[in-house]
Amino acid sequence: ESGAVVWRKADADTQELLPTTLAVSGGQVYFSSPKELICLKDGNNVWRAARPLATRRPGWSAPTLVIHEDVVLSADQAGSGGAGATDDAPTGRKGKAGKGGKGADAGQLIAFSARDGKVLWRCPAAHGYNAPPDVLVAGGLVWVGALPGRDDEDYTEGRDVHTGLVKRHFVTDPIFSVAHHHRCYRDKATDQYLFVGRTGVEL
């Protein structure tokens, strides 16, 4: 109402706060440090969850953090595992290169409870073409870009936000098979359309 400072946090947690990971929902603030996903309320810690993230990365590369209802969705490139990660988790699996792609390591999306920070589920995710990972919530389902480079079929699975179970499946190859790599920006979505940047902007 007045613009007065209500609280401030300036410590080791925020010293290396990663860009594009600051989000606010339900009176709580969420952000990623290089080692943890952190939740605050009124400036005080509510919970913190292990989510190691790379700090040495290209200038275009950043984690993606999305809050939907009572779930926190954190996606990043390969090598950024976190709570419960195992050797056979998708964190470090090799991603499909695509028709015109050069290949890249896929990463992982991890869903956390906004209430207590517990890991709910995880699935493969990937950065785009010189762009952070795409995490889109449309029609109550989570759609994740899983193909590094984004020059082939992608966004084929719509997952339940609380369980990660696949609830819808799309065959997108007929519209995504274009002779051009993805443009250097994140995709967008509404409940009815995907806006993807292949040869230009496709709906």
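In the block above lies the structure referred to throughout.
Treat the numbers as computed from the prediction; the structure is a model and nothing was measured. (Residues numbered from 1 in each chain as written. Predicted model: local features only at pLDDT ≥ 70, side-chain atom pairs only at ≥ 80, totals over all residues. Heavy atoms only, no water.)

A cluster of nonpolar residues, Y185, Y193, V201 and L203, forms a patch on the protein surface that exposes about 430 Å² of accessible area. Position of Y185 relative to the elements: it lies in the loop between α2 (173–176) and β15 (188–189). Relative accessible area serves as the criterion here: at 39%, Y185 is assigned to the partly exposed category. (Patch = residues over 30% accessible without salt bridge, like charges linked within 9 Å, V, L, I, M, F, W, Y side chains within 5 Å. Areas by Shrake-Rupley, 256 points an atom, 1.4 Å probe, with all protein chains shown as cover. Salt bridge = Lys/Arg side-chain N within 4 Å of Asp/Glu carboxyl O. Helix = DSSP H or I, 4+ residues; strand = E, 2+ residues; numbered from the N terminus. Buried < 20%, exposed > 50% of the residue type's maximum accessible area, 1.4 Å probe, protein only.)

Turning to the environment of A12, a few remarks are in order. By secondary structure assignment, the location of A12 is in helix α1 (residues 12–15). Considered as a pair, A12 and S33 are 21 residues apart in the sequence and their alpha carbons are 8.8 Å apart.

So, about unusual backbone geometry. We note that E69 has phi near 55°; this positive angle belongs to a residue other than glycine. Along the chain, E69 turns up in the loop between β5 (64–68) and β6 (71–76).

Here we take up the pairing of strand β10 (residues 119–125). Of the strand pairs in this sheet, strand β9 (residues 107–113) and β10 are connected by six bridges, and their pairing is antiparallel. Residue G107 lies in a different strand from β10, and its bridge partner there is A125. (Pairing = 2+ DSSP bridges.)

It is worth spelling out the sheet that holds β9 at this point. Reading across from one edge, β5-β6-β9-β10 is the order of the four strands in this open sheet, with antiparallel pairing throughout. The open sheet is flanked by β5 and β10, the only strands paired with a single partner. Going across the sheet, the axis of each strand differs from the next one's by a mean of 20°, ignoring polarity. (Axes fitted to C-alpha atoms, helices over the stretch in contact; angles between N-to-C directions.)

What follows deals with the sheet that holds strand β12 (residues 141–144). Sheet architecture is open: four strands sit in the order β11-β12-β13-β14, paired in antiparallel fashion. The outermost strands of the open sheet, each flanked by one partner alone, are β11 (135–138) and β14 (166–169). On average, each strand axis in the sheet is inclined to that of its neighbour by 30°, with strand direction left out of account. For β11 and β12, the ladder comprises four bridges, and the chain directions are antiparallel. When the sheet's bridge partners are listed, V137 is paired in β12 with V142.

Before going further, it helps to examine the nonpolar core. One finds L73, L109, W121, V135, V142 and V144 to be the most contacted residues of the largest nonpolar core, which totals 13 residues. Other than its neighbours up to four places away in sequence, V142 contacts L73, W121, V135, L136, V137, E157, G158, R159 and V161. Counting residues in hydrophobic clusters, the runner-up holds twelve residues, among them Y30, L37, L65 and F112. (Core = buried A, V, L, I, M, F, W, Y, C linked by side-chain atoms within 4.5 Å. Contact = heavy atoms within 4.5 Å.)

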